[in-house]
Amino acid sequence: MGTGRGRRSGTSAVLGEAARGVVGGAVGTGAMAFAARLRREAYARRHGIAVSEIDEVLDYDDSEHVVVAASTLLDAVVGWAPRSARGRHALYWVVHWGYGSVVGATHVVLQRAFGREPAPGLVFLAGTQAMALGLFPVLGGTPPPWRWRRDLLRTSFVQHGIYAGGVAATNALTARRAV
């Protein structure tokens, strides 16, 4: 018989695994947000402008298209979407951090299904990239991916690689600590 130490069971274990995945998702989202910030700053320096003066989309995941997609869903489900700039800005951050964090929990499921890295991380990367390539054209008002500018397509793959790598690394590290 156990002494109360070791693996948790039942609901506690499931909640712990979900929380571990959400933390991994938050770390991946933070890494992705930091990389997007660095990209905006580098772009602004290269063009001799302030970051606030950038008037083109550098990454669909870091643009108004996130708000368009979320507003489309909100309007369809609850009949409301934010109209003010402040409300749209708040929605962007809620979606960016909330969605990114919660999606990280799916990586934990993939770890259980595929075992050790790199398989879960690669499947997770493929899934997150497929969501971006599908959701933005359907809900976010972007062209289909085959019509994206090359730099936007490249940025999307790099950014999702950063996100998936952050999630996978965090979940791998916390899996060892959870045992």
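Given the structure is predicted, the values throughout are model-derived calculations rather than measurements. (Residues numbered from 1 in each chain as written. Predicted model: local features only at pLDDT ≥ 70, side-chain atom pairs only at ≥ 80, totals over all residues. Heavy atoms only, no water.)

Student: Hey, could you go over unusual backbone geometry for me, with residue numbers and the actual values?
Tutor: In this chain, E117 is followed by P118 through a cis amide linkage whose omega measures 20 degrees. Inspection of the secondary structure puts P118 in the loop between α3 (85-114) and α4 (119-139). (Helix = DSSP H or I, 4+ residues; strand = E, 2+ residues; numbered from the N terminus.)

Student: Please give an account of α3 that cites residues and values.
Tutor: Taking 1.5 Å per residue, 30 residues should reach 44 Å; α3 reaches 43 Å between its end C-alpha atoms and fits that length. Every buried residue of α3 is accounted for by L91, Y92, H96, G100, S101, V103, G104, H107, V108, L110 and Q111. Taken from the residues just after α3, G115 is the one with a positive phi, measuring 85 degrees. (Expected span 1.5 Å × (residues − 1). Buried < 20%, exposed > 50% of the residue type's maximum accessible area, 1.4 Å probe, protein only.)

Student: Explain the packing of aromatic side chains to me, and be specific about the residues and the numbers.
Tutor: Enumeration according to the criterion identifies four aromatic pairs in this entry. Consider the rings of Y60 and W148, whose centres lie 4.7 Å apart with planes at 65 degrees: the pair is edge-to-face. Residue Y60 is located in the loop between α1 (10-47) and α2 (64-78), and its partner W148 is located in the loop between α4 and α5 (150-178); the two are separated by 88 residues in the primary sequence. Neither residue differs from the other here; Y60 and W148 are each classed as buried. Geometrically, the ring pair formed by Y92 and W93 is edge-to-face, given 5.0 Å between the ring centres and 85 degrees between the ring planes. Residue W93 is classed as partly exposed on the basis of its relative accessible area, which comes to 36%. Among the aromatic residues, those joined into a cluster by ring pairs are Y60, F136 and W148. (Phe/Tyr/Trp six-rings, centres within 6.5 Å; stacked < 30°, edge-to-face > 60°.)

Student: Could you give an account of a nonpolar patch on the surface, with specific residues and numbers?
Tutor: Taken together, the side chains of V77, V78 and W80 define a hydrophobic patch exposed on the protein surface, amounting to about 350 Å² of accessible area. Within the secondary structure layout, V78 lies in helix α2. Under the relative-accessibility criterion, V78 is labelled exposed at 55%. (Patch = residues over 30% accessible without salt bridge, like charges linked within 9 Å, V, L, I, M, F, W, Y side chains within 5 Å. Areas by Shrake-Rupley, 256 points an atom, 1.4 Å probe, with all protein chains shown as cover. Salt bridge = Lys/Arg side-chain N within 4 Å of Asp/Glu carboxyl O.)

Student: Let's hear about the confidence of the model for the protein: which residues, and what values?
Tutor: Confidence along the protein averages 92 in pLDDT terms, with 93% of residues attaining 70 or more. By mean pLDDT, the top-scoring element of the protein is α4 (96), and the lowest-scoring one is α5 (93). For residues 1-5, every residue scores under 50 in pLDDT, and the model assigns this stretch zero contacts once sequence neighbours within four places are set aside. (pLDDT = per-residue confidence, 0-100. Contact = heavy atoms within 4.5 Å.)

Student: A description of the environment of A36 should follow, citing residues and the corresponding values.
Tutor: Among the structural elements, A36 can be located in helix α1. Overall, A36 belongs to the buried group, its relative accessible area being 7%. Placed 72 residues apart in sequence, A36 and V108 show a C-alpha to C-alpha distance of 25 Å. Aside from chain neighbours lying at most four places away, what touches A36 is D62 and Q159.

Student: Break down the pattern of salt bridges for me, with residues and values.
Tutor: Taken as a whole, this structure holds eight salt bridges when the rule is applied. The salt bridge involving R39 is made with D151; its shortest N-O contact spans 3.8 Å. Linking R39 in helix α1 with D151 in helix α5, this pair joins segments that are 112 residues apart in sequence. Residues R88 and E64 are paired through a salt bridge, measuring 2.1 Å at the closest nitrogen-oxygen approach. On the criterion of sequence distance, the pair formed by R88 in helix α3 and E64 in helix α2 is long-range, its members being 24 residues apart. Exposure remark for E64: the relative accessible area of 40% places this residue in the partly exposed category. Where salt bridges share partners, they join R39, E56, R149 and D151 into one cluster.

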